[in-house]
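Close look at the chain arrangement
Residues per chain, in single letters:
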Amino acid sequence: MLENKADEAISYFKKALELNKNNSAAHFRLGMIYSRTGKLAEGSEELKKTIELRPDVGFYRLELFHLYKQLGEKAKATEELARAIALDTGIETTLVGKE
């Protein structure tokens, strides 16, 4: 059932991107869905597009950090985390609070 919902959401966000290829929120959501359904390469590409469009949003970079961690790309993960924290110090507070 969740797979069907993911497929529906993917279709929805792809249609949104057909209407506006610069829709950072649609790229972000698509990246999140791909990542959460195990399509890590696709998720990575969508999150990178999100950041190209909105490099100023720390939360987007934080999600790319998590994805890089899943992929075992420590150097890229560390870089994205540093960028995310530089944009939004609240991210560091949130992460410290989880440990």
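What the protein chain contains, in helices and strands, is six helices and zero strands. When the helices and strands of the protein chain are listed from N to C terminus, the series reads α-α-α-α-α-α. A compact globule built from 99 residues would reach a C-alpha radius of gyration of about 13 Å, and the protein chain, at 14 Å, matches this within 12%. Its C-alpha atoms put the protein chain at 35 × 30 × 25 Å along the principal axes. A burial count over the protein chain gives 38% of its 99 residues as buried. Taking all contacts inside the protein chain whose residues are at least 6 apart in sequence as the whole, residues at least 24 apart take part in 38%.

What follows covers the confidence of the model for the protein chain. Confidence in the prediction of the protein chain, expressed as mean pLDDT, is 92, and 94% of residues score 70 or more. In the model of the protein chain, helix α6 (residues 89-98) stands out as the element of lowest mean pLDDT, 75, in contrast to helix α3 (residues 40-53), which has the highest, 97.

Now for the packing of helix α4 (residues 58-71) against helix α5 (residues 74-87). Following both chains from N to C, one finds α4 and α5 inclined at 160°, their axes separated by 8 Å at the closest point. Relative to α5, the element α4 lies roughly antiparallel. Like other packed secondary-structure pairs, α4 and α5 cross with a definite hand, here left-handed. Contacts between α4 and α5 involve Gly58, Arg61, Leu62, Leu64, Phe65, Tyr68 and Lys69 from the former and Lys76, Ala77, Glu80, Leu81, Arg83, Ala84 and Leu87 from the latter. Taken together, the residues of the contact of α4 with α5 break down into eight nonpolar, one polar and five charged.

Let's shift gears to α5. Here α5 is 14 residues long and its end C-alpha atoms lie 20 Å apart, about the 20 Å a rise of 1.5 Å per residue gives. Along α5, the residues classified as buried are Ala77, Glu80, Leu81 and Ala84. Mapping the buried residues of α5 onto a view down its axis gives an arc of 105°, with all of them on the same face. Across from the buried face of α5, at angles greater than 90 degrees, the exposed residues are Ala75, Thr78 and Ala86.

Cut-offs used in this document
Residues numbered from 1 in each chain as written. Predicted model: local features only at pLDDT ≥ 70, side-chain atom pairs only at ≥ 80, totals over all residues. Heavy atoms only, no water. Helix = DSSP H or I, 4+ residues; strand = E, 2+ residues; numbered from the N terminus. Rg over C-alpha atoms; globule rule 2.2 N^0.38 Å. Buried < 20%, exposed > 50% of the residue type's maximum accessible area, 1.4 Å probe, protein only. Contact = heavy atoms within 4.5 Å. pLDDT = per-residue confidence, 0-100. Axes fitted to C-alpha atoms, helices over the stretch in contact; angles between N-to-C directions. Parallel < 35°, antiparallel > 145°, perpendicular 65-115°, else oblique. Left-handed = near helix turned anticlockwise from the far one by under 90°. Nonpolar A, V, L, I, M, F, W, Y, C, P; charged D, E, K, R; others polar. Expected span 1.5 Å × (residues − 1). Arc of directions from axis to C-beta.

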